[in-house]
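One letter stands for each residue in the lines below.
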Protein chains: 2
Amino acid sequence: MQATKVQGLEDMATRLRIHSIRATTAAGSGHPTSCCSAADLVAALFFDVMRFRPKHPTAPGNDRFVLSKGHAAPLLYAAWAEAGALAPGDLINLRKMDSDLEGHPTPRLPFVDVATGSLGQGLSSGLGIALAARMDGSARTVFVLLGDGECAEGSVWEAAEIAGYYRLDNLVAIVDVNRFGQSQATMLEHDLQVYRKRFEAFGWRALVVDGHDMGQVVRALRRATRRSGQPAAVLARTLKGKGIPEVEDKDGWHGKPLKEDAARQAIAHLEAQLHGAKLPKARAPRKAKDAPAPPPVDPPAAQPPPPPAYAIGDMVATRLAYGEGLAKLGKSNPAVVALDGDVKNSTFAEKLKAACPEQFIEGFIAEQNLAGAGAGLAACGKIPFVSSFACFLTRACDQIRMAGVSRSNVKFCGSHVGVSIGEDGPSQMGLEDIAMFRAVPGSAVLYPGDAVCAERCVELAARRHGIVYIRTSRPNTPVIYRADEPFAIGGLKVLRQSDADAATVVAAGVTLHEALKAWEQLKARGVAVRVIDLYSVKPLDGAGLLAAARATGGRLVTVEDHYAEGGLGDAVLEALATEGVRVHKLAVREVPRSGKPAELLERYGISASHIVATVLRVTGRES
Amino acid sequence: MQATKVQGLEDMATRLRIHSIRATTAAGSGHPTSCCSAADLVAALFFDVMRFRPKHPTAPGNDRFVLSKGHAAPLLYAAWAEAGALAPGDLINLRKMDSDLEGHPTPRLPFVDVATGSLGQGLSSGLGIALAARMDGSARTVFVLLGDGECAEGSVWEAAEIAGYYRLDNLVAIVDVNRFGQSQATMLEHDLQVYRKRFEAFGWRALVVDGHDMGQVVRALRRATRRSGQPAAVLARTLKGKGIPEVEDKDGWHGKPLKEDAARQAIAHLEAQLHGAKLPKARAPRKAKDAPAPPPVDPPAAQPPPPPAYAIGDMVATRLAYGEGLAKLGKSNPAVVALDGDVKNSTFAEKLKAACPEQFIEGFIAEQNLAGAGAGLAACGKIPFVSSFACFLTRACDQIRMAGVSRSNVKFCGSHVGVSIGEDGPSQMGLEDIAMFRAVPGSAVLYPGDAVCAERCVELAARRHGIVYIRTSRPNTPVIYRADEPFAIGGLKVLRQSDADAATVVAAGVTLHEALKAWEQLKARGVAVRVIDLYSVKPLDGAGLLAAARATGGRLVTVEDHYAEGGLGDAVLEALATEGVRVHKLAVREVPRSGKPAELLERYGISASHIVATVLRVTGRES
């Protein structure tokens, strides 16, 4: 490589350092030392290796960049500013209210695909973007910059093993090994050879470089982009705070901006290093290499899938209907992709695999990566459906949280919810999944009670932008809706009602059938109740619930196969909080045991008999 | 090794297979093929390698065994039955209601230290048990049996790297590489050399064996127990369903019991393989090797830590007081141990490290392992305090869930909660942590509003058996309680009250100070309100809340630095659900931005001004 070119990149790295110092000092917080260690890597990436149009950061031909070490956000913003996507003068607004230059990157900025800042998640997102590129026939390469400290996160190794397994040679990880975490040295410090062994053992090509030797860095990054049948890791030995003599390679400087004087001195020191070389520019993609991007498929525009084909009374598990619905949807919309964690024969995601094998990704027993990859796929216009047992989606709680911060268009399906799974016992029972998904801003939580509704929930999920959770059950339950029954996010169904109703029973999923049984039993005793199927737990039809409550003496009984905290009952309470309605909540209130489903519903207080007893009690008909 | 000895162990393995088949067929569900692949490994472990007293499974000198592949529970129960800890006739009660032989192991059984069944968690628990052994000077070895499929979980590699880093040569992992997951072949199938490379790269000794060659298995396991300065992994090539010709090494047989006829045939086939050798017995620990166990330190019996030393009005962050309290507690109780995820200078767990370095474990950026190791330490009588930013504890949501199933005595502290952290932005804000911890059965959730309360919460947490979560805040807030103020789990404090109170404001943490400001502002406008510090969010004093509501026109205003779902407001709603009280909930209702703490409290509707406006509105005083 030409010396002047190297000098230009070095000057760019110096400028990125200066921007990072200036912005964090102005903000009074932030992570300048974490920016400085990676400045050479980012300069080489943005101004030599990556091919992208800065003004159109998500153009399909562009290479993509994920800053997994999100606390180096000022460096990211500086690089995009130098590339022309931001006004350099804006950099000084870092971390200010109403500036989109947040403390850690979020997709409020057009060039950020996924929010980062919870360490160890970026490689999964990059993997999702790389998978999408492969599906779309795009020649783009995905670069993910990781810190060394975050390589302690197991999620990094989930992404690594899956990328290795799928031989994603369009994925490049760059690890900024600056040897310091937040509170002390990392486990491996500068032992680059161990990093090499780990990545190699997980199926990667690994290239070790001095991360401050621009020639080495550029050569390694260029080599890493060659299609070799393996993902590539560039492992860069760096110094935290590189370029700031006062703090370089010193512990105790994580997340600390320089004081104004120190910043001035550091900037002067850095400016003295400038060669005054010609600065490099971002390089546009080579068009010929890129297949045309498939037109984005908007679900409403896609062919609607055929309607459900069940007869009332058929015994069908909602998880099976989920699979049916997903397969139909996938056939009608090529943007639909399913990822499953080696339980596809239980969640029935396998039905999509059978129908459209190229739209299915086996994610193995690595739920964090499933969710993270989902966010990456969504960032490329796919509509990913991520499935596992509901309880195992808790493994990805932080990834789901971050997908919420990203406002990602990811759908989740958790099967095997509640005690109704039976003999497998509490470790396999999803009993906190509603609570987890309700706590994601803007999410929808759907909990179908029969197969017709379950199929429709899949369609509804695809049509809504954002995070949607579908909760499915293991047991076969009777079909109660006709195939043409309409459903909507935010809706509910009043299944039983009369003018004499003394209370309203609100249920969903398996407990809906208990509620219907209770209705029969109460009717036999001369007590009328209203029964509501609250299949849309979030958002929910508060007006509908309130009307039912008002019409039934202000008495609601909620019953759910979920813990008492954060579930359906709490959603009802929240909706009616200011109305003074009395809500009697039946829910699981202790760690359950193994047993038969019916035994467990009875033991844990959510069966028809408990509904009957509660209604009798709250209506004063207790004998 | 003697041929007769090998034959005895082989016969034992055959018996374990027979028990497993019989029990799962009787139950009509379960995982016989996953038991059969590991039967030789378990026979060798229980009847040659491990030293333990079956009737006293938690005696300090005993080696410990963790079945990470919890679905092989029937094999575990069979081994303990053969060892004498269970009546063999009980095995047939597998998965029945009221039998403790649940579908996956839980500590309802005395020989189960931690519940398993959510894959990939057992190695962290084993690591915790091994750390406890090292702290206690016990010579015991900890054996963890993993499946190959679960090695795809990142949590396994978190545990592996930490065990490697701490050179835990009292920890032995055995991987049952039977090449099949639930729904298809694993990524690595029988490529044992890749498993070897991975464990070696993570700092382990690795021994590859034929898992059905008893001589090889025993020799490798014995070698693995030698103290070498490294943890050891025995990587065993096995066949799923080994010993059942019909299903051996075949896909599609995960989690399927044999029908009765097939079971009879399989058992006959296995019985024909019995050598009729003398059966081995469990071997007691060599006493001389074992240091005396330290007497368990019951918190009430331990010296109480000195009281908080703050003056009213001091500006102290609750996270700092957490660290102070933890250090005091650690000094007074040697069973107290802290684990932190490389944020000890933010959570202030570093104060315990400074005070009692041998009671502090740096867990690096690997929160799943932190939580899993906590459960292992708790199983050995330690009182672990696991800390990180609250948002990053969501990374361990599944481990926390399983600690709940185990009823583990683990304490968690999540710092940096809510928008009040300020400029770092949403990725660093814990806004769903209350929801997560409330949904653990039997948990306590404490949310101190000042430094005195925070220190007392640490003590309260240690004194309560079970999972306790302490939520701490980043900003400095004024001390409002005297050092001798009493606090209790399940308590609340009425901080302001008068006979003229028109509403009750319920707050905790930073919003408590907003509520106190609102009280002042409302007072200036002639409106009296009651102010409650709900520092114990779960359990909570429902009677106290109800009394306040009744005394203030049935109007409650809750205000929390948490999302609206599953937090403090929902806890209040849940407690008063049947009372017809009107609750006006102020909470964060969208993904926040970066900004200054005060700006963010204002923007997201939880500042004093919002409390004032809400009180005026709900009391009809709106102008």
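Residues numbered from 1 in each chain as written. Chains lettered and ligands numbered in written order. Predicted model: local features only at pLDDT ≥ 70, side-chain atom pairs only at ≥ 80, totals over all residues. Heavy atoms only, no water.

1. Details of the confidence of the model for chain A
- Overall, the predicted model of chain A reaches an average pLDDT of 96, with 98% of residues at or above 70.
- Quick note on the complex model: pTM equals 0.98, ipTM equals 0.98. (pLDDT = per-residue confidence, 0-100.)

2. Thoughts on helix α21 (residues 608-618) of chain A
- Buried within α21 of chain A we find A608, I611, V612, T614, V615, L616 and V618 of chain A.
- Buried positions along α21 of chain A lie against β15 (504-507), α17 (510-524), β18 (555-563) and β19 (582-588) of chain A. (Buried < 20%, exposed > 50% of the residue type's maximum accessible area, 1.4 Å probe, protein only. Helix = DSSP H or I, 4+ residues; strand = E, 2+ residues; numbered from the N terminus. Contact = heavy atoms within 4.5 Å.)

3. Details of the interface of chain B and chain A
- On the chain A side, the residues contacting the 105 residues of chain B number 105 residues.
- At the boundary of chain B with chain A, total buried surface from both sides reaches about 8600 Å², with 49% on carbon and sulfur atoms.
- When the buried surface of chain B facing chain A is broken down by residue, M97, M187 and R395 of chain B rank first, second and third, together holding 10% of it.
- At the junction of chain B with chain A, the criterion picks out 18 salt bridges.
- Residue E153 of chain A pairs with R395 of chain B through a salt bridge whose shortest N-O separation is 3.6 Å.
- The tally of links from chain B across to chain A stands at 66 residue pairs in polar contact (both at pLDDT 80 or more).
- Per-class residue counts for the side of chain B that touches chain A are 35 nonpolar, 33 polar and 37 charged. (Buried area = accessible area lost by both parts, 1.4 Å probe. Salt bridge = Lys/Arg side-chain N within 4 Å of Asp/Glu carboxyl O. Polar contact = N/O pair within 3.5 Å; in protein donor to acceptor, adjacent residues only side chain to side chain. Nonpolar A, V, L, I, M, F, W, Y, C, P; charged D, E, K, R; others polar.)

4. A few points about the sheet that holds strand β15 (residues 504-507) of chain B
Residue and element names in this part refer to chain B.
- Spatially, β14-β16-β15-β18-β19 is the arrangement adopted by the five strands of the open sheet, whose pairing is mixed. If you trace the sheet from one side to the other, it starts and ends with β14 (493-496) and β19 (582-588), each paired once. Strand-to-strand, the axes of this sheet are offset by a mean angle of 25°, without reference to chain direction.
- By the bridge criterion, three bridges tie β14 to strand β16 (residues 530-533) in an arrangement that is antiparallel. Bridged to R496 within β16 is V531. (Pairing = 2+ DSSP bridges. Axes fitted to C-alpha atoms, helices over the stretch in contact; angles between N-to-C directions.)

5. Examining the nonpolar core
- Residues L171, W204 and F412 of chain A together with L171, W204 and F412 of chain B are the most contacted members of the largest nonpolar core, which totals 248 residues.
- Apart from residues lying up to four places away in sequence, W204 of chain B is in contact with L123, A160, A163, G164, L171, A173, F199, Q230, P231, A232 and A233 of chain B.
- Counting 54 residues, the second largest nonpolar core, distinct from the first, contains L67, A78, A79 and A81 of chain A. (Core = buried A, V, L, I, M, F, W, Y, C linked by side-chain atoms within 4.5 Å.)

6. Some words on helix α16 (residues 451-463) of chain B
Residues and elements named next belong to chain B.
- Taking 1.5 Å as the rise per residue, α16 with 13 residues should run 18 Å; its terminal C-alpha atoms sit 19 Å apart, in good agreement.
- Here α16 lies mainly inside the structure; twelve of its 13 residues are buried.
- Its buried side turned inward, α16 meets β6 (315-317), α9 (318-332), β9 (383-389), β10 (411-415), β11 (444-446) and β12 (468-471).
- The distance from a side-chain oxygen at the start of α16 to the backbone nitrogen of V452 is 3.1 Å, and the residue carrying that oxygen is D450. (Expected span 1.5 Å × (residues − 1).)

7. Digging into the side chain of D113 of chain B
All names here are of chain B.
- Looking at where D113 falls in the secondary structure, it is placed in the loop between α3 (73-83) and α4 (122-136).
- By relative accessible area, which is 13% here, D113 ends up buried.
- A polar contact of 2.7 Å, which involves the side chain of D113, links it to the side chain of R64.
- What D113 contacts, discounting residues up to four positions off in sequence, is T58, R64, P107, I129 and A379.

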